[in-house]
Amino acid sequence: MTPTTDVVLPCLEEAGALPWALERLPPGWRAIVAGHRSSAGSAWTAANRGATAGRDLRRGFEAARHAGLLPAEAEFVCVCVCDVSLDPPLLVGFADRIAAVDTDIVLGRRRPAARGAFPPHARAGNAALARMPRRRTGLYLRGLGPVRAARRRTPLGPNVEDRRSGCPLETVVSAADAGLRIVEEGMPYRPRTGRSEVTGTWHAVHDMPAVLSAPAQADQSRAGAR
């Protein structure tokens, strides 16, 4: 049986796409729509469709992710975009793998499913970023995208400090330091709708070296995963 899950949907100005994302969530799963205080249209849409709200004064996908994870209560949590580029029902398989103790964290890897969805320069940049943690963690990843799933009390949660583009890498490094298992699952990736909180490769290139230079804190990560 698929476990009940809280799904954090970082959002900027995606009021037009948000109803689609909310309607596509599995039955019984709770949506937590989180974003910058300027995202009034998206917040109104979320509130009128029964979604829980989270708000952060800072802009950016990871600041919104953090704000959304704070009110999460379910044993399992997913972080997903709500700009129609990725289909929420695919998260069911992620949660099932974690519930079956097959893995600890599932990362969604974007696979372009339409022309223009994932331009070659962005794809190449993302692949290069995915290679950055290899020496530190030994993991061979093919992408560092915005979709993640785990039990709530893992390094996916609020204890991850980065609020910009370094968060996907910090999630991976913290989990690896704690001895947690990480796998990738491919997800068809389509063109976005509206203004998304997902940032570009340049921000990630700027933010990620600082994460890699931080010392390993395995003991702290293991404590957070209990």
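Participant: What's the story with the overall build of the protein chain in this structure? I'm lost.
Facilitator: Helix and strand counts for the protein chain stand at nine helices and seven strands. Here the protein chain, with 226 residues, has 52% of them falling under the buried criterion. Per element, the accessible surface of the protein chain, about 10,300 Å² overall, is 52% carbon and sulfur.

Participant: Is there a simple way to think about the packing of aromatic side chains in this case?
Facilitator: Any aromatic ring pair is given by two values, namely how distant the centres are and how the planes are angled relative to each other. Counted according to the given criterion, the structure contains one aromatic pair. Each ring, one from F118 and one from Y189, has its centre 5.3 Å from the other, and the planes form 70 degrees; the classification is edge-to-face. With F118 in the loop between β5 (105-112) and α5 (120-131) and Y189 in strand β7 (residues 182-189), this residue pair connects regions lying 71 residues apart in the sequence. Take F118 and Y189: they sit in the same class, and that class is buried. A cation over a ring is seen here: R110 above Y189, with NZ or CZ 5.4 Å from the ring centre.

Participant: Is there a simple way to think about the nonpolar core in this case?
Facilitator: Nonpolar side chains in soluble globular proteins tend to be buried together. V7, L9, L22, V33 and L91 are the most contacted members of the largest nonpolar core, which totals 37 residues. Listing elements by their share of this core, those giving two or more residues are β1 (5-11), α1 (18-23), β2 (30-36), α3 (61-69), β4 (76-79), α4 (91-99) and β7. In this structure, L9 is in contact with L18, L22, A31, I32, V33, A34, C80, V81 and C82, ignoring residues within four places of it in sequence. With 14 residues, the next largest nonpolar core counts L107, L141, L144 and L169 among its residues.

Participant: Would you take a moment to explain α3 for this structure?
Facilitator: Within an α-helix, residues lying three or four positions from one another point in the same direction, as the helix has 3.6 residues per turn. Within α3, nine of the nine residues are buried, which leaves the element mostly enclosed by the surrounding structure. Residues F61, E62, A63, A64, R65, H66, A67, G68 and L69 constitute the buried set of α3.

Participant: What exactly am I supposed to notice about the pattern of salt bridges here?
Facilitator: Oppositely charged side chains are able to pair whenever their charged atoms sit close together. Evaluation of the coordinates by the stated rule reveals nine salt bridges. When the shortest N-O distance is used, the salt bridge between R97 and D102 registers 2.6 Å. Its relative accessible area of 41% is what places D102 among the partly exposed residues. Across the pair D104 and R181 runs a salt bridge whose closest N-O atoms are separated by 3.2 Å.

Scoring rules and cut-offs
Residues numbered from 1 in each chain as written. Predicted model: local features only at pLDDT ≥ 70, side-chain atom pairs only at ≥ 80, totals over all residues. Heavy atoms only, no water. Helix = DSSP H or I, 4+ residues; strand = E, 2+ residues; numbered from the N terminus. Buried < 20%, exposed > 50% of the residue type's maximum accessible area, 1.4 Å probe, protein only. Areas by Shrake-Rupley, 256 points an atom, 1.4 Å probe, with all protein chains shown as cover. Phe/Tyr/Trp six-rings, centres within 6.5 Å; stacked < 30°, edge-to-face > 60°. Lys NZ or Arg CZ within 6 Å of the ring centre and 35° of its normal. Core = buried A, V, L, I, M, F, W, Y, C linked by side-chain atoms within 4.5 Å. Contact = heavy atoms within 4.5 Å. Salt bridge = Lys/Arg side-chain N within 4 Å of Asp/Glu carboxyl O.

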